Amino acid sequence: MTVHDARGPVDDVDVAILDDLARIHDLLDPVPPGLAERSLFAMTLAALETEVMELAEVVTDPAGVRSAEPVPARTVTFTSAATTVMITFQASGPSVVRLDGWVAPVGEGVDVELHSTDGVVPGRADEDGRFAFPQVAHGPVSLVVRPVGGAAMSTPVVEV
Amino acid sequence: MTRLAEDAPQTGEEPTETLGDRGARAVLAYRDGRTEPLGEFVREATPLLWHTVRSQGVPYDLADDVVQGVWVALVRHVETIQEPHAVLKWILVAAKRAAWEATRKHRGEQSRTTALPDDRDDGAPRELPDREPGPEAEVLTSERDRILWAAVAELAPRCQTLLRLVARADRPDYRAIAEAIGMPVGSIGSTRGRCLAKLRTILDHNGDDLWGQV
């Protein structure tokens, strides 16, 4: 029997075994699709240096789960020490989602930006704190909330 | 010596750029305001981070967050990383620590939620199902893969982790990976290392010569 010396150099058989191992691990535990893109998006948001709000609650509407709708309607709530943001997603087309939101308190006014891997869409809450983005493509998004005269905050990334 | 020693590549002077080198270049470029190389590094190194985090036993959905968190931490610390050439080791160490922390918190949440069902002040907002793929027997269809996988299962857990990670790295980076996951230097490097030597011996012992003719 051949003795395989731990101090010996890595040879072609070792390389072939390692290649097989990498392939097996990719079969048994594949990297989730889009993980690198989600990471890059999160890095872009981190570079904004905003306070990140906490995900407080996710409610999925069972009535919204219909075969015609790829994404069930759901409501997500985020909080920080001073601010609450609630958003609802609803499918509005084959590959687009309508996002309705509400932010409190409104104070002197609140700008709300929708950040996605496609870029930034500016928006503003009305006097009741309501805002909407009618056409949001599937993928990771985050809202950046900028109260007038206050520090900006961002929500964690959610998949729409 | 080994069967193919004369064919083995020269150690210590690989002319090609490794993942670790590209990471260093990416960090330096990012500091100069060029973000594209870091984007490429993220795309290339994310599988390595995924397998690092998963090999620490982090559930599927949580591991997704942990990997993103490592990259966010890199951006936050990019100005203070003193050794850009050690960035590969930096993200691996960060991934391992974040994986431990996530596992500890996840277990804490679970036991706390079980003990105090009403205590939901900062409770886990989402389910964390462990979406493991099907049993290995279904996924590994070739005889060769099954034999290799059975041999790997005979190794110590730390060796299994090490080989899982070096399997997707460039050879000159093996040492950084071994150090990052806390294996003694010499576990693997420009030399084969104990883990791979042990695996070869097991494969021989099991009477299979499927890799010998490569």
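Residues numbered from 1 in each chain as written. Chains lettered and ligands numbered in written order. Predicted model: local features only at pLDDT ≥ 70, side-chain atom pairs only at ≥ 80, totals over all residues. Heavy atoms only, no water.

The name that an unreviewed UniProt entry assigns to chain B is RNA polymerase sigma factor (Sigma-70 family), with the source organism given as Sediminihabitans luteus. Under the heading Sequence similarities (unreviewed entry), UniProt records this for chain B: "Belongs to the sigma-70 factor family. ECF subfamily." (UniProt positions renumbered as here; feature names shortened; annotations may be inferred.)

Moving on, we get to the sheet that holds strand β2 (residues 54-60) of chain A. All names here are of chain A. As summarised here, the arrangement of the 5 strands in space is β2-β3-β4-β5-β8, forming an open sheet in which the pairing is antiparallel. Looking at which strands have only one partner, the edges of the open sheet turn out to be β2 and β8 (130-137). Averaged over all adjacent pairs, the angle separating strand axes in this sheet is 20°, with direction ignored. Alignment of β2 against strand β3 (residues 74-79), held across 6 bridges, turns out to be antiparallel. Looking at β3, one finds that V59 is bridged to T75. (Pairing = 2+ DSSP bridges. Helix = DSSP H or I, 4+ residues; strand = E, 2+ residues; numbered from the N terminus. Axes fitted to C-alpha atoms, helices over the stretch in contact; angles between N-to-C directions.)

In this complex, chain B contributes 58 residues to the contact, which on the side of chain A involves 45 residues. Buried surface at the junction of chain B and chain A, both sides included, amounts to about 5000 Å², of which 67% is carbon and sulfur. Here chain B is connected to chain A by 9 salt bridges. Note that D14 of chain A and R200 of chain B form a salt bridge whose closest N and O atoms lie 2.6 Å from each other. For the pair chain B and chain A, the number of links is 14 residue pairs in polar contact (both at pLDDT 80 or more). Contributions of two or more residues to the side of chain B that touches chain A are made by α2 (36-54), α3 (60-77), α5 (136-139), α6 (143-153), α7 (157-166) and α9 (194-205) of chain B. Within the side of chain B that touches chain A, the residues separate by chemical class into 31 nonpolar, 11 polar and 16 charged. (Contact = heavy atoms within 4.5 Å. Buried area = accessible area lost by both parts, 1.4 Å probe. Salt bridge = Lys/Arg side-chain N within 4 Å of Asp/Glu carboxyl O. Polar contact = N/O pair within 3.5 Å; in protein donor to acceptor, adjacent residues only side chain to side chain. Nonpolar A, V, L, I, M, F, W, Y, C, P; charged D, E, K, R; others polar.)

This part is about the environment of E51 of chain A. Along the chain, E51 of chain A turns up in strand β1 (residues 51-52). C-alpha of E51 of chain A to C-alpha of V145 of chain A: the two residues are 94 residues apart in sequence and 9.8 Å apart in space.

Moving on to the pattern of salt bridges. Counted by the stated rule, this structure contains 20 salt bridges over all chains. Among the ionic pairs, D26 of chain A bridges to R168 of chain B, the shortest N-O distance being 3.3 Å. With D26 of chain A in helix α1 (residues 12-28) and R168 of chain B in the loop between α7 and α8 (174-180), this pair bridges two chains. Assessed through its relative accessible area of 34%, D26 of chain A is described here as partly exposed. One salt bridge in this structure joins K89 of chain B and E179 of chain B, with 3.2 Å as the shortest N-O distance. Residue K89 of chain B is located in helix α4 (residues 87-115), and its partner E179 of chain B is located in helix α8; the two are separated by 90 residues in the primary sequence. The class for K89 of chain B is partly exposed, based on a relative accessible area of 31%. Overall, E179 of chain B belongs to the partly exposed group, its relative accessible area being 28%. One continuous salt-bridge network, built from bridges that share partners, spans E17, R22, R25, E44 and D170 of chain B. (Buried < 20%, exposed > 50% of the residue type's maximum accessible area, 1.4 Å probe, protein only.)

The next thing to look at is α9 of chain B. Given 3.6 residues to a turn, an α-helix orients residues that are three or four positions apart in the same direction. Counted at 1.5 Å a residue, the expected span for α9 of chain B with its 12 residues is 16 Å, and the 16 Å between its end C-alpha atoms agrees. By the burial criterion, the buried members of α9 of chain B are C195, L196, A197, L199, R200, I202, L203 and D204 of chain B. In this structure, the buried side of α9 of chain B is in contact with α1 of chain A together with α6 and α7 of chain B. (Expected span 1.5 Å × (residues − 1).)

Within the secondary structure, R38 of chain A sits in helix α2 (residues 35-47). A polar atom in the side chain of R38 of chain A sits 2.6 Å from the side chain of D64 of chain B.

Residues and elements named next belong to chain B. Its location among the elements puts L162 in helix α7. Residue classification places L162 among the buried residues on the basis of a relative accessible area of 0%. L162 sits 12 residues away from Y174 along the chain, and the two C-alpha atoms are 9.1 Å apart.

To continue, consider the packing of α1 of chain A against α6 of chain B. Contact pair α1 of chain A / α6 of chain B: the axes reach a minimum separation of 10 Å and the direction vectors enclose 95°. When the interaxial angle is binned, α1 of chain A and α6 of chain B end up roughly perpendicular. Residues I17, D20, L21, R23, I24, H25, L27 and L28 of chain A of α1 of chain A touch α6 of chain B, and the partners they reach there are R144, D145, L148, W149 and V152 of chain B. (Parallel < 35°, antiparallel > 145°, perpendicular 65-115°, else oblique.)

Among the nonpolar cores identified, the biggest contains 70 residues, and F41, W71, I91, L148, L163 and L199 of chain B are the most heavily contacted of them. For this core, the domains that each give at least three residues are domain 1 (17-117) and domain 2 (138-214) of chain B. Residues contacting L199 of chain B, with those up to four places away along its chain left out, are I17 of chain A together with L148, A151, V152, L155 and L163 of chain B. Membership of the second largest hydrophobic core comes to 22 residues, among which are F78, V97, V110 and F133 of chain A. (Core = buried A, V, L, I, M, F, W, Y, C linked by side-chain atoms within 4.5 Å. Domains from an automatic or database assignment.)

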